[in-house]
Amino acid sequence: MSRSDKYPKLVVDLDKLRRNIDRIRIQCEDKGVEIAGVIKGCTGLTECARQFAREGCRFIASSRLEQLETLRSSGIQTQLMMIRVPMLSEVADVVRVTDISLNSEIAVLKALNEEAGAQDKEHQVILMVDLGDLREGFWDKDELLEAALLTENELHNLKLAGIGTNLGCYGAVAATPEKLEELVERAEMIEEKIGRELEFISGGATSTLPRIWEDNLPSRINLLRIGEGILLAADLQELWGYDMSFMHRDVFTLRAEVIEVKEKPSHPVGEIMFDAFGAKPEYEDRGMRRRALLALGKVDYAFCDQLIPRDEGVAILGASSDHTILDIQDAARSIQVGDVLEFIPHYSNLVYLTSSPNIQIVYI
Ligand SMILES: *Cc1c(COP(=O)(O)O)cnc(C)c1O
């Protein structure tokens, strides 16, 4: 069996990815906004990152240093951005591998400065402001100002490139025009004290894109860090109701092989105790149904309810570590052992699929 016949596999359509990047980049560019292409959603796949570089993103960004390190050695010339605030223990590598990082701790800024000096480099920093989503960032205005002044005036191997915020991650706080105005206010507070304009005001991620479309992004915001909205373009449509039909929703397609097809009862037979993950699920009795098993499972994609079958009439019933169970009673086509079925992954699936050693990744 040749490698290309092996399943499960994740098919990545680089042309569609490029077109997605291009569309969002042009929309943002029209409003004076540059893009950091965030590639952590696909575990930093080099081929994907290359498309972000090719389409003229200002930065390529990830929350994982190892992913950026791989890109650094791949010859990609675009500046690399570390978007998870660094561990103190990794500052040497942050300086060595990346050009710019998001930061929220003075101790880390000092350590970055020292390392940048040791490596004879200038490292750019964006200070993160927490506007209520309650993940990373300075909450206290005075502490933010202190960090900015310290970076500007004393940490000579760092360049205070700007400030940024993150919304819609932990606290599910929306990137409203008002929230983003608060970010601009913080920037202007710093600018007044340092006597110059900051280069970047980074107003969030995919969840800020509606501000571009509705033309209500505060004009000083000039950098967005976009991952999901380009890679999958699903959330803004499904959760927020925006029409994303101008984007390709199938950059990534999962292909998996059927290993069993049988008529079975839809309700388990026997005393119901615990499933493979220690849960005590409930099952609907729909009588005898035609079912199929796929040769992949939760270790590959984590959440079976997030996968979207491409075949009409196919439903995912559940999964264990290495098996996925389908109802194919109402499938529009006849499904046999050895057939290959396709699924569109959500973000939560994609992060697992692209890091599972069981999944072969192929590019078209
Ligand atoms: C993941 C992440 C992003 C990108 O988020 P998307 O919703 O995928 O666009 C941007 N900024 C930070 C700090 C992140 O951690």
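On a predicted model such as this, the values are computed, not experimentally measured, just so you know. (Residues numbered from 1 in each chain as written. Predicted model: local features only at pLDDT ≥ 70, side-chain atom pairs only at ≥ 80, totals over all residues. Heavy atoms only, no water.)

Taken together, 13 residues are adjacent to the ligand, and Lys40, Thr206, Arg225, Gly227 and Glu228 come closest. Here an oxygen atom of the ligand sits 3.0 Å away from a polar atom, N or O, in the side chain of Arg135. The backbone of Gly227 places a nitrogen or oxygen atom 2.8 Å from an oxygen atom of the ligand. Protein coverage of the free-state accessible area of the ligand, which is 390 Å², stands at 90%. Broken down by class, the residue content of the shell around the ligand amounts to five nonpolar, three polar and five charged. (Near = heavy atom within 4 Å. Polar contact = N/O pair within 3.5 Å; in protein donor to acceptor, adjacent residues only side chain to side chain. Areas by Shrake-Rupley, 256 points an atom, 1.4 Å probe, with all protein chains shown as cover. Nonpolar A, V, L, I, M, F, W, Y, C, P; charged D, E, K, R; others polar.)

With that out of the way, let us pick up the domain arrangement of the protein. You can read the domains of the protein as domain 1 (31-238) and domain 2 (252-363). A C-alpha centroid distance of 38 Å is found between domain 1 and domain 2. Contacts between domain 1 and domain 2 engage 12 residues on the former and 11 residues on the latter. Interface area, domain 1 with domain 2, both sides summed: about 1000 Å², of which 70% is carbon and sulfur. Looking only at domain 1, the three residues that lose the most surface to domain 2 are Gly41, Leu45 and Leu232, adding up to 43% of its buried area. Joining domain 1 to domain 2, the criterion identifies zero salt bridges. Contributions of two or more residues to the side of domain 1 that touches domain 2 are made by helix H2 (46-54) and helix H9 (228-231). A breakdown of the residues in the side of domain 1 that touches domain 2 according to their chemical character gives six nonpolar, two polar and four charged. (Domains from an automatic or database assignment. Contact = heavy atoms within 4.5 Å. Buried area = accessible area lost by both parts, 1.4 Å probe. Salt bridge = Lys/Arg side-chain N within 4 Å of Asp/Glu carboxyl O. Helix = DSSP H or I, 4+ residues; strand = E, 2+ residues; numbered from the N terminus.)

Let us look at the pairing of strand S5 (residues 100-103). Here S5 shows two buried faces, one formed by Ile100 and Leu102 and the other by Ser101 and Asn103. Of the pairings in the sheet, the one linking strand S4 (residues 79-82) to S5 comprises two bridges and is parallel in character. Bridged to Met81 within S5 is Ile100. Following the backbone out of S4, through helix H4 (residues 91-97) and into the adjacent parallel S5, one traces a crossover that is right-handed. By the bridge criterion, four bridges tie S5 to strand S6 (residues 123-129) in an arrangement that is parallel. The residue bridging Asn103 from the neighbouring strand is Leu127, located in S6. (Buried < 20%, exposed > 50% of the residue type's maximum accessible area, 1.4 Å probe, protein only. Pairing = 2+ DSSP bridges. Right-handed = clockwise from strand over helix to strand, strands pointing away.)

Where helix H6 (residues 141-153) contacts helix H7 (residues 177-194), the two axes come as close as 10 Å, and the packing angle between them is 45°. Classified by the angle their axes make, H6 and H7 are oblique. In this structure, H6 meets H7 at a crossing whose hand is right-handed. Contact residues: H6 offers Lys141, Leu144, Leu145, Ala148, Leu149 and Glu152, while H7 offers Arg186, Met189, Ile190, Lys193 and Ile194. Here the contact of H6 with H7 is composed, by residue class, of seven nonpolar, no polar and four charged. (Axes fitted to C-alpha atoms, helices over the stretch in contact; angles between N-to-C directions. Parallel < 35°, antiparallel > 145°, perpendicular 65-115°, else oblique. Left-handed = near helix turned anticlockwise from the far one by under 90°.)

For the rest of this paragraph, the subject is the pattern of salt bridges. Using the criterion set out here, one finds 31 salt bridges in the structure. For Asp99, the salt bridge identified is with Arg72, shortest N-O distance 2.8 Å. With Asp99 in the loop between H4 and S5 and Arg72 in helix H3 (residues 65-73), the pair connects residues that are 27 residues apart, well separated along the chain. Looking at Asp99, the relative accessible area reads 21%, which means it is partly exposed. Put simply, Arg196 and Glu152 hold a salt bridge, and the shortest N to O gap is 2.7 Å. Placement of Arg196 in the loop between H7 and strand S8 (200-202) and of Glu152 in helix H6 is noted, with a sequence separation of 44 residues between them. The class for Arg196 is partly exposed, based on a relative accessible area of 29%.

Before going further, it helps to examine the pairing of S4. Bridge count between strand S3 (residues 59-62) and S4: four bridges; the pairing is parallel. The residue of S4 that forms the bridge with Ile60 is Leu80. Note that the unit made of S3, H3 and S4 has a crossover that is right-handed.

Next up on the list: the packing of helix H1 (residues 14-29) against H2. How two helices pack is summed up by the angle between their axes together with the distance between the axes. Interaxial distance between H1 and H2 falls to 9 Å at its minimum, and their mutual angle equals 40°. Between H1 and H2, the crossing angle belongs to the class labelled oblique. Crossing of H1 over H2 shows right-handed handedness. The segment H1 lies against H2, with Leu14, Leu17, Arg18 and Ile21 engaging Glu47, Cys48, Gln51, Phe52 and Arg54.

Here we take up unusual backbone geometry. The peptide bond linking Tyr7 to Pro8 adopts the cis configuration, its omega dihedral lying at -5°. Backbone geometry places Asp120, a non-glycine residue, at a positive phi of 55°. Along the chain, the position of Asp120 falls in the loop between helix H5 (106-118) and S6. Residues other than glycine seldom take positive phi values, yet Ala172 does so here, at roughly 60°. Following the sequence through the fold, Ala172 ends up in the loop between strand S7 (158-165) and H7.

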